[in-house]
Amino acid sequence: MSTTSVGVAGWSLRTEHADLFPGAGTHLQRYASVFNAVEINSSFYKPHQRSTYERWAASVPATFRFAVKIPKLLTHERRLENVGSDLARFLEEAGGLGKKLGCLLIQLPPSLEYDPRTVETFFRALRRGHAGHAVLEPRHPTWFTAAADARLDAHRVARVMADPLVDPRADQPGGWPGIVYFRLHGSPVMYYSSYDTSYLVRLAARLKQARRSCEATWCIFDNTARGAATMNALSLVAG
């Protein structure tokens with residue numbers, strides 16, 4: 001049975017939550033004393049030096065894991081095509097996390113449709129430089145099909161279960177079954193809405209079920225605009 005990596009998209013601690021993360025150290029160190037995982041979203045907007053990733057990895061416990069969002073240059077500007085040296089450079093930089101690199105997150109723009117040729121080309125390139133876990137968050141309905149899931153499975157890439165749902169078929173994780181990744185943006189208002197107790201109870205049950213059959217289970221809260229993510233993650237961890 002796998003363990004569940006639970007955390008927030010980013011480790012910056014809000015003032016009103018400071019007492020929930022006691023102790024000395026950086027925000028990351030205090031965050032990592034409570035949660036066992038975090039999602040790095042800043043990598044989506046700008047590159048970080050390998051030494052920066054190395055410093056982050058050195059500051060957290062051995063069991064802590066990072067998910068790293070790949071750059072929008074590759075997903076939104078290049079749209080998974082002609083990624084070449086830019087993908088290789090990102091993988092070399094993020095590799096500074098070493099064994100604490102738990103997963104790569106590939107989030108696609110809503111306008112990017114499923115195309116088997118593009119999938120083959122991009123994920124072959126990804127797998128030449130990264131053998132570890134990778135998950136995909138597509139936002140176009142054409143990705144939620146058996147054919148798309150089969151292509152992702154062939155490259156050992158899981159499809160994220162993201163809320164709010166962009167398609168009714170998105171309610172279940174898909175693609176490669178070796179990893180299950182829940183990514184919760186907040187609903188009905190993305191990035192702002194908090195999840196109520198009943199939702200978190202159902203989520204905990206889904207995570208428990210997933211742990212029985214996969215290598216890794218993740219749950220990241222991205223409803224960070226008003227701090228709901230931290231409180232939801234704490235509630236989930238507390239059970």
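In this text, all values refer to a predicted model and were calculated from it rather than measured experimentally.

Examining unusual backbone geometry
Of note, the amide linkage connecting aspartate 163 to proline 164 takes the cis form, showing an omega dihedral of 5°. Assignment of secondary structure puts proline 164 in the loop between strand E7 (161-163) and strand E8 (174-175). Cis rather than trans, the peptide bond between serine 187 and proline 188 has omega equal to 15°. One can find proline 188 in the loop between strand E9 (179-184) and helix H8 (197-211). Here the phi dihedral of leucine 80 falls at roughly 75°; this positive angle occurs in a residue that is not glycine. Within the secondary structure, leucine 80 sits in the loop between helix H4 (72-77) and helix H5 (84-94). Phi at arginine 156 is positive, roughly 55°, even though this residue is not glycine. Its place among the elements puts arginine 156 in the loop between helix H7 (146-154) and strand E6 (158-159).

Observations concerning the sheet that holds E7
The mixed open sheet is built from 10 strands, whose spatial order is E7-E9-E10-E1-E2-E3-E4-E5-E6-E8. Strands with a single pairing partner mark the edges of an open sheet, and in this sheet they are E7 and E8. As paired strands, strand E1 (residues 4-9) and strand E10 (residues 216-221) are joined by 5 bridges and run parallel to one another. Counted as the bridge partner of valine 8 is phenylalanine 221 from E10. Across the sheet, helix H9 (residues 228-238) lies against E1 and E10, angled at about 165° from E1, the strand it touches most.

Observations concerning the pattern of salt bridges
This model, assessed by the stated rule, comprises 15 salt bridges. One salt bridge connects arginine 117 with aspartate 115, and the closest N-O pair in it is separated by 3.9 Å. Exposure remark for aspartate 115: the relative accessible area of 29% places this residue in the partly exposed category. A salt bridge links glutamate 137 to arginine 139; its shortest N-O distance comes to 3.3 Å. Each of Glu39, Glu137, Arg139 and Arg183 takes part in salt bridges that share partners, so that together they form one network.

Topic: the side chain of histidine 48
Summarising the element assignment, histidine 48 is placed in the loop between helix H2 (42-45) and helix H3 (50-58). A polar contact of 2.7 Å, which involves the side chain of histidine 48, links it to the side chain of serine 42. Apart from the residues within four sequence positions on either side, histidine 48 is in contact with Ser42, Ser43, Tyr53, Trp56 and Glu93.

The rules behind these values
- Residues numbered from 1 in each chain as written.
- Predicted model: local features only at pLDDT ≥ 70, side-chain atom pairs only at ≥ 80, totals over all residues.
- Heavy atoms only, no water.
- Helix = DSSP H or I, 4+ residues; strand = E, 2+ residues; numbered from the N terminus.
- Pairing = 2+ DSSP bridges.
- Contact = heavy atoms within 4.5 Å.
- Axes fitted to C-alpha atoms, helices over the stretch in contact; angles between N-to-C directions.
- Salt bridge = Lys/Arg side-chain N within 4 Å of Asp/Glu carboxyl O.
- Buried < 20%, exposed > 50% of the residue type's maximum accessible area, 1.4 Å probe, protein only.
- Polar contact = N/O pair within 3.5 Å; in protein donor to acceptor, adjacent residues only side chain to side chain.

Treat this as a map of the structure, not an account of what it does.
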